Protein chains: 2
Amino acid sequence: MNSPRDGMWLDSSQQQAWRAYIMGTELLLSRLDRELREEHGISLSEYEILVRLSESADHRMRMALLADSLSHSRSRVTHTIARMERDGLVRRQAAAADGRGVEAVMTEAGYRRLVDAAPSHVRGVRQHLVDLATREDFAALGRVFDEVSDRLLEGLPAGTDIR
Amino acid sequence: MNSPRDGMWLDSSQQQAWRAYIMGTELLLSRLDRELREEHGISLSEYEILVRLSESADHRMRMALLADSLSHSRSRVTHTIARMERDGLVRRQAAAADGRGVEAVMTEAGYRRLVDAAPSHVRGVRQHLVDLATREDFAALGRVFDEVSDRLLEGLPAGTDIR
DNA sequence: CATCAGTAGTTGAGCCGTCAACAACCCGCC
DNA sequence: GGCGGGTTGTTGACGGCTCAACTACTGATG
């Protein structure tokens, strides 16, 4: 969509934006992860799983759907759910209609953990990202990464494991 | 659905942008990392280290400076440089002026690896990110993450280990 | 109704990062 | 000139993800 004369390299403002993005992202995500761990004993991925479950009917989801909705590999979701089950935030249950299937069900404790963690986590997201940007810039960020996700997911639609 | 008391939660467009960012970023970075590994046998962090070294006088840098310039922890840089040294991309050398210091020096093989990897890596960055956005949107992204980095780094200026 | 390609999920080895503890060194100060 | 607090870099245990191989089940097809 851009690139003057379709050069091979990034020009210096592109380069600068790219480096800011990589560094900022690493700082941001590791900070949010650390805050969740220290204050609530869960990782960012675990938090995201709790959010998906809380939005789902009956607080339950098939493993594959959970994986797809987070763009995580199935293996990753298996491992994460195993840890969360050990911590009592979730339990597994064989799927009714499919003998291969497993559903992850959020427990009462899992729900309470999410309710506890959400306010300070959201505050962190605001403080370290959202409130630093103008509405327009933040909207631009949304547009860009919608497009990024779409492109990176196309060609492996529905059911393909991430990789 | 949102904003009881204006300002605690994200509104739905902010929420959507935030989720796009997290998912897009995870997809993007893991894709770029995998491409570098498969095509050139180095990780994205190793690539970034090679870039910094190549930009530095005499292709050498103090460990702490390397860590700061990437916002990586010192421990992380130690481990990464150890792997790169095993692979012959870099060697360590005691710093002349400071008995505690260590310099990482890019080897000839390291430089060749970077030169080999750069074109396809940059192509990936363009294809999966830069060329998907308008110049304005991409510039917005740069502004946002400059600000993010600044805020997350302030209060621990120069010499504080990342954590 | 037996076969078999495809799908769901798990497993464990290996890699890469964090964390906390640590040794070695620097330097301002009395 | 030796204290003592700060800095540099390393270490190893641990956690979490990837990858490839695996089991178990499904469902279309002859």
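Here the residue numbers are simple positions, counted from 1 along each chain's written sequence. Each chain is given a letter, starting from A, and each ligand a number, starting from 1, according to the order in which they appear as written. Per-residue local features are limited, in this predicted model, to residues with pLDDT of at least 70; the limit for side-chain atom pairs, both in listing and counting, is 80 or more; totals at the level of whole chains, interfaces and linings are taken over all residues. Computation of side-chain values covers all heavy atoms of the structure but excludes hydrogens and water.

A. The pattern of salt bridges, seen in detail. Salt bridge, as applied in this entry: a Lys or Arg side-chain nitrogen positioned within 4 Å of an Asp or Glu carboxyl oxygen. Inspection of every chain in the model, using the stated rule, returns 28 salt bridges over all chains. A salt bridge links E55 of chain A to R19 of chain B; the nearest nitrogen and oxygen atoms lie 2.6 Å apart. One end of the pair, E55 of chain A, is in helix α2 (residues 44-55); the other, R19 of chain B, is in helix α1 (residues 12-40), on a second chain. A 1.4 Å probe rolled over the protein chains alone gives each residue an accessible area, and that area as a share of the maximum for its type sets the label: buried under 20%, exposed over 50%, partly exposed in between. Taking relative accessible area as the criterion, R19 of chain B reaches 26% and is therefore assigned partly exposed. A salt bridge links R151 of chain B to E147 of chain B, with the shortest nitrogen-to-oxygen separation between them at 3.1 Å. Of the two residues, R151 of chain B and E147 of chain B are both situated in helix α6 (residues 135-153); the distance of 4 residues between them amounts to about one turn of the helix. Judged by relative accessible area, which is 41%, R151 of chain B ranks as partly exposed. Strands here mean DSSP runs of E at least two residues long; helices mean DSSP runs of H or I at least four residues long; both are numbered from the N terminus.

B. The arrangement of the interface of chain B and chain A in detail. Counting residues at the interface gives 62 residues for chain B, matched by 65 residues for chain A. Buried area, as used here, totals the accessible surface that two parts lose on assembly, with accessibility defined by a 1.4 Å probe and the loss added over both. Buried area between chain B and chain A, both sides added, is near 6,100 Å², and the carbon and sulfur share of it is 64%. For the pair chain B and chain A, the number of links is 8 salt bridges. A salt bridge links R76 of chain B to E26 of chain A; the nearest nitrogen and oxygen atoms lie 2.8 Å apart. We define a polar contact as two N or O atoms separated by no more than 3.5 Å, with the added condition that, inside protein, one atom must be a possible hydrogen donor and the other a possible acceptor, whereas residues neighbouring each other in sequence contribute only through side-chain atom pairs. Remark: the boundary between chain B and chain A carries 17 residue pairs in polar contact (both at pLDDT 80 or more). Of all the elements in the fold, those that place two or more residues in the side of chain B that touches chain A are α1, α2 (44-55), α3 (63-70), α5 (108-128) and α6 of chain B. No other element matches α1 of chain B, which puts 19 residues into the side of chain B that touches chain A. Any two residues whose heavy atoms approach within 4.5 Å are treated as being in contact.

C. A look at the packing of α2 of chain A against helix α3 (residues 63-70) of chain A. Residue and element names in this part refer to chain A. Lines are fitted to the C-alpha atoms to define the axes, a helix being fitted only along its stretch in contact, and any angle between axes, read from their N-to-C directions, falls within 0 to 180 degrees. α3 packs onto α2 with a crossing angle of 115° between their chain directions and a minimal axis gap of 11 Å. Crossing angle aside, the handedness with which α2 passes α3 is right-handed. Residues E48, I49, R52 and L53 of α2 form the contact with α3, whose participating residues are L66, S69 and L70. In the scheme used here, Gly and all other residues not listed as nonpolar or charged are polar, with Ala, Val, Leu, Ile, Met, Phe, Trp, Tyr, Cys and Pro taken as nonpolar and Asp, Glu, Lys and Arg as charged. Split by residue class, the contact of α2 with α3 holds 4 nonpolar, 1 polar and 2 charged. Two helices that cross are described as forming a left-handed crossing if the nearer one is turned anticlockwise from the farther one by less than a right angle, and a right-handed crossing if clockwise.

D. Local environment of the packing of α2 of chain B against helix α4 (residues 74-86) of chain B. All names here are of chain B. Between α2 and α4, the shortest axis-to-axis distance is 11 Å and the interhelical angle comes to 90°. Comparing the axis directions of α2 and α4 gives the class roughly perpendicular. In this structure, α2 uses S45, E46, I49 and L50 to contact α4, whose residues at the interface are R76, T80, I81, R83 and M84. Considering only residue class, the contact of α2 with α4 consists of 4 nonpolar, 2 polar and 3 charged. When an angle is under 35 degrees it counts as roughly parallel; over 145 it counts as roughly antiparallel; between 65 and 115 it counts as roughly perpendicular; any other value is oblique.

E. Representation of the sheet that holds strand β2 (residues 90-94) of chain A within the structure. Residues and elements named next belong to chain A. When DSSP locates at least two bridges between a pair of strands, those strands are taken to pair. Here 3 strands make up an open sheet; going across it, the order is β1-β3-β2 and the pairing antiparallel. With partners counted over all chains shown, the strands left at the sheet margins are β1 (60-62) and β2, one partner each. Put simply, the sheet's adjacent strands are angled 30° from each other on average, direction ignored. Pairing geometry for β1 and strand β3 (residues 102-106), over 3 bridges, is antiparallel. Bridge pairing in β3 links M61 to A104. Against the sheet, α3 contacts β1, β2 and β3, and its axis sits at roughly 90° relative to β1.

F. Main features of the nonpolar core. The set of buried Ala, Val, Leu, Ile, Met, Phe, Trp, Tyr and Cys residues whose side-chain atoms join them within 4.5 Å is what this entry labels a nonpolar core. By size, the foremost hydrophobic cluster in this structure holds 90 residues, and its most contacted members are W18, Y21 and F145 of chain A together with W18, Y21 and F145 of chain B. Residue contacts for Y21 of chain B: discarding those within four places in its chain leaves Y21, T25, L28, L29, L129, L141 and F145 of chain A together with F145 of chain B.

G. Up close: the environment of H59 of chain B. All names here are of chain B. Within the secondary structure layout, H59 lies in the loop between α2 and β1 (60-62). On the basis of relative accessibility, which here comes to 25%, the residue H59 falls in the partly exposed class. Spatially, the C-alpha atom of H59 lies 9.9 Å from that of E108, the residues being 49 residues apart in sequence.

H. Here's a closer look at the relation of the copies chain B and chain A. In the superposition of chain B on chain A (RMSD 0.0 Å, axial shift 0.0 Å), the rotation amounts to 180°. Within this description, the copies of the chain are treated as partners about a two-fold rotation axis. Minimal C-alpha distance to the rotation axis in chain B is attained by L141 of chain B, lying at 2.9 Å. With an isologous cut-off of 70% or more, the 97% of interface residues of chain B that recur at the interface of chain A puts this contact in the isologous class. When the copies are overlaid, the least-squares fit takes in C-alpha atoms only where the residue has pLDDT of at least 70 in both copies.

I. Here's a closer look at the sheet that holds strand β3 (residues 102-106) of chain B. All names here are of chain B. One open sheet accounts for 3 strands, arranged β1-β3-β2; its pairing is antiparallel. Both edges of this open sheet fall to β1 and β2 (90-94), since each of them pairs with a single strand only. On average, each strand axis in the sheet is tilted by 25° relative to the strand beside it, whichever way the strands run. This element, α2, spans β1, β2 and β3 of the sheet and lies at about 95° to β3. Against the sheet, α4 engages β2 and β3, with an angle of about 120° to β2.

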